[in-house]
Amino acid sequence: MSEQSTEPSESGANLRETVRRRYAAAAVKVTEGGTACCGPEPVKSETATDENFGATLYPTAERTGLPTEALAASLGCGNPTAVAELREGERVLDLGSGGGIDVLLSARRVGPTGKAYGLDMTEEMLALALGNAEKAGATNVEFLKGTIEAIPLPANTVDVVISNCVINLSVDKPAVFTETFRVLRPGGRIGVSDVVADDTLTPEQRAQRGDHVGCIAGALSFAEYRTGLEAAGFTGVDITPTHPVADGMHAAVIRADKPTSSQAHKR
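Residues numbered from 1 in each chain as written. Predicted model: local features only at pLDDT ≥ 70, side-chain atom pairs only at ≥ 80, totals over all residues. Heavy atoms only, no water.

Q: Sorry, what's going on with the overall build of the protein here?
A: If you tally the helices and strands in the protein, you get ten helices and eight strands. Going through the 267 residues of the protein one by one, you find that 55% of them count as buried. Within the protein, contacts between residues at least 6 apart in sequence are counted, and of these 71% link residues at least 24 apart. For the protein, the accessible area works out to roughly 11000 Å², and carbon and sulfur atoms hold 52% of it. (Helix = DSSP H or I, 4+ residues; strand = E, 2+ residues; numbered from the N terminus. Buried < 20%, exposed > 50% of the residue type's maximum accessible area, 1.4 Å probe, protein only. Contact = heavy atoms within 4.5 Å. Areas by Shrake-Rupley, 256 points an atom, 1.4 Å probe, with all protein chains shown as cover.)

Q: Looking at this structure, how should I read the nonpolar core?
A: Side chains of nonpolar character tend, in soluble globular proteins, to be buried together. Judged by nonpolar contacts, the single largest core of 31 residues is most densely connected at L93, I190, Y225, L229, F234 and I254. Elements supplying a minimum of two residues to this core: β1 (91–95), β2 (115–120), β4 (158–164), α7 (173–183), β5 (184–197), α9 (222–232), β7 (235–246) and β8 (249–257). Counting 15 residues, the second largest nonpolar core, distinct from the first, contains A84, V92, A116 and A129. (Core = buried A, V, L, I, M, F, W, Y, C linked by side-chain atoms within 4.5 Å.)

Q: Would you take a moment to explain α7 for this structure?
A: Residues three or four positions apart in an α-helix share a direction because the helix packs 3.6 residues into each turn. With eight of eleven residues buried, α7 is to be regarded as a mostly interior element. Listing the buried residues of α7 in full gives K173, A175, V176, F177, E179, T180, F181 and V183. Buried residues along α7 sit in contact with β1, β4, β5, β6 (220–221) and α9.

Q: Got a minute to help me understand unusual backbone geometry in this structure?
A: For residues other than glycine, phi is negative in most cases, and the peptide bonds are mostly trans. Its identity is not glycine, yet E85 carries a phi of approximately 50°, on the positive side. Residue position: E85 is located in the loop between α4 (80–83) and β1. Of note in the backbone geometry, N156 takes a positive phi value of approximately 55° without being a glycine. Assignment of secondary structure puts N156 in the loop between β3 (141–145) and β4. The partly exposed category is assigned to N156, whose relative accessible area is 43%.

Q: What is the right way to look at α9 in this model?
A: Buried within α9 are the following residues: F222, E224, Y225, G228, L229 and A232. Buried positions along α9 lie against α7, β5, α8 (203–209), β6, β7 and β8.

Q: Would you take a moment to explain the packing of aromatic side chains for this structure?
A: The geometry of two aromatic rings is summed up by the distance between their centres and the angle between their planes. All chains considered together, the criterion is met by two aromatic pairs. Pairing F181 with F234 gives two aromatic rings, centres 5.1 Å apart and planes at 90°, and the pair type is edge-to-face. Placement of F181 in helix α7 and of F234 in the loop between α9 and β7 is noted, with a sequence separation of 53 residues between them. Taking the relative accessible area as the measure of exposure, F234 reaches 2% and is therefore buried. (Phe/Tyr/Trp six-rings, centres within 6.5 Å; stacked < 30°, edge-to-face > 60°.)

Q: What is the right way to read the confidence of the model for the protein from this model?
A: Regions with low pLDDT should not have their predicted coordinates read in detail. With 73% of its residues at a pLDDT of at least 70, the protein reaches an overall mean of 81. Low pLDDT, under 50, characterises residues 1–9; the stretch is placed with 25 contacts to residues that sit more than four places away or in other chains. Low confidence marks residues 39–50, where pLDDT is under 50. Its contacts with residues over four positions away, or in another chain, come to 21 contacts. (pLDDT = per-residue confidence, 0-100.)

Q: Looking at this structure, I do not really get the pairing of β5. What am I missing?
A: Consecutive side chains of a regular strand alternate in pointing toward one face of the sheet and then the other. Counting buried residues in β5 gives eleven out of 14 residues, a clear majority hidden from the surface. Judged from the six bridges that link them, β4 and β5 form a sheet pairing that is parallel. Across the sheet, the residue bridging to S163 is V192, located in β5. Handedness of the β-α-β unit built from β4, α7 and β5 comes out right-handed. Inspection of the sheet shows β5 paired to β8 by nine bridges, in the antiparallel sense. Its bridge partner lying in β8, I190 is registered against A256. Across two bridges, β5 lies against β6 in parallel orientation. When the sheet's bridge partners are listed, A197 is paired in β6 with S221. (Pairing = 2+ DSSP bridges. Right-handed = clockwise from strand over helix to strand, strands pointing away.)

Q: Explain the pattern of salt bridges to me, please; I cannot follow it from the model alone.
A: Once their charged atoms are close, side chains differing in charge can pair, the charge on each being opposite to the other. Applying the stated criterion to the full structure yields eight salt bridges. The residue E224 makes a salt bridge to R206 at a minimum N-O spacing of 3.0 Å. You can see E224 sitting in helix α9 and its partner R206 sitting in helix α8, a full 18 residues away along the chain. Each member of the pair, E224 together with R206, is buried. Between R209 and D247 there is a salt bridge; the shortest N-O distance is 3.3 Å. (Salt bridge = Lys/Arg side-chain N within 4 Å of Asp/Glu carboxyl O.)

Q: What is the right way to look at the side chain of D102 in this model?
A: Relative to the helices and strands, D102 is located in helix α5 (residues 101–110). For the buried D102, no salt bridge is present, and the opposite-charge side chain at shortest range is R109, 8.3 Å distant. A distance of 3.2 Å separates a polar atom in the side chain of D102 from a polar atom in the side chain of N164. (Lys, Arg positive; Asp, Glu negative; His and termini not counted. Polar contact = N/O pair within 3.5 Å; in protein donor to acceptor, adjacent residues only side chain to side chain.)

Structure below.
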């Protein structure tokens, strides 16, 4: 898959730094008692929420018992812990874990015999997530510093990879798909929530609908997402839109599998 440049005026390094600064500021805001959100504009207060993004996308029962800061820092466009159908004893990795809401929910689902990893490149978000894990009393979690394009885990380490509206922020999505495939054990799976564009929208049209750090301009189309996952080796790719986030742009559920060794030999 060739990665399309949706914002040619900014280099990949500059875009990554812009994303880092935006989410570092979001973490600081939450730490100071505010809220944060993905989407075109940051949320100003508890009453100024964007229903397409954030903690309101989780059922009330799941939000119960979570630290307030974890809810306030929720920046996603879905509920990947439900998408991935996590099971007792599994090891799960959350790409771009932010304030830790999906890691904490994953830890609940996989139970004491399982483990939930969170990966984030932002020191401020990692500090917030560690504090939230301590408040929640979660002992089967571990937060890692790094980028989703170079995951700091060995190959064949986890059963499930989840992510919540983060892959669209990457400036090298083929690397994300390749790394995700690498760390999954044979037979493992992904369950991702992300923003996806209609196949008819050009990169320039996507950029007109929202900026990169707002989770819009960097989104892949449905066809690009499928092609990228299949190029990395995934099978059974399924992309299902859930709700609109802009004209021709959708929050979507993405599922795919890493073949077992025997399945891979048959390909």
